[in-house]
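The chain contents come next:
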Amino acid sequence: MKSIDRLVRSFAGKVILASCSVVILAVGVRAVSAVAEQRGPVQRVVQGKVTDGGGAIVKGAVVYLKDDHSLAVKSYFSDDAGEYRFGQLAQNTDYEIWAESNGKKSPVKTISSFDNKNQFYIDLKIGK
């Protein structure tokens, strides 16, 4: 009888220990997900340089960023170093980006929503 009693207590102790472990794990997972939700969605950034066919920087080029979901287009003038930057881009949206200067246009580049990077460096080359 004592061995059965000891076996039951041992089994009950293991069940209680396992139950407590599951509860602690569940609370920990909820706490981590709550912190992640408070931070909000991660935003993406695209930046780069605009150059001509010879590799020289192009200042004042108009860089266009088209949202393929809403079809909205943002624009930015490249600075004195030929650089541009667009921030706060949605993760779940595809974008097209290109530059224009003096009637010439760069090839259109695509940023895919399936690409999980948050930072994109895209140099745009305006043809001769």
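From a predicted model like this one, the values you see are computed outputs, not experimental measurements.

The rules we used
- Residues numbered from 1 in each chain as written.
- Predicted model: local features only at pLDDT ≥ 70, side-chain atom pairs only at ≥ 80, totals over all residues.
- Heavy atoms only, no water.
- Core = buried A, V, L, I, M, F, W, Y, C linked by side-chain atoms within 4.5 Å.
- Buried < 20%, exposed > 50% of the residue type's maximum accessible area, 1.4 Å probe, protein only.
- Contact = heavy atoms within 4.5 Å.
- Salt bridge = Lys/Arg side-chain N within 4 Å of Asp/Glu carboxyl O.
- Helix = DSSP H or I, 4+ residues; strand = E, 2+ residues; numbered from the N terminus.

A. Just the nonpolar core, in detail. In terms of nonpolar packing, the biggest core is built from 17 residues, with Val46, Val50, Val63, Tyr84, Phe86, Ile97 and Ile122 touching the most fellow members. Here Val50 is in contact with Ala56, Ile57, Val58, Ala61, Val63, Ser78, Gly82, Tyr84, Ala99, Leu124 and Ile126, once residues within four sequence places are set aside.

B. Seen up close, the pattern of salt bridges. Counting across every chain of the model gives one salt bridge. The salt bridge partner of Asp80 is Lys59, with a shortest N-O separation of 3.8 Å. Remark: Lys59 occurs in the loop between β1 (44-52) and β2 (62-67) and Asp80 occurs in the loop between β3 (73-77) and β4 (83-89); sequence separation between them is 21 residues. On the accessibility criterion, Asp80 (60% relative accessible area) is exposed.

C. Spatial organisation of the environment of Asp52. By secondary structure assignment, the location of Asp52 is in strand β1. On the basis of relative accessibility, which here comes to 28%, the residue Asp52 falls in the partly exposed class. Along the primary structure Asp52 and Ile126 are separated by 74 residues, whereas in three dimensions their C-alpha atoms are 4.8 Å apart. With residues up to four places along the chain from it excluded, the contact list for Asp52 reads Val58, Lys125 and Ile126.

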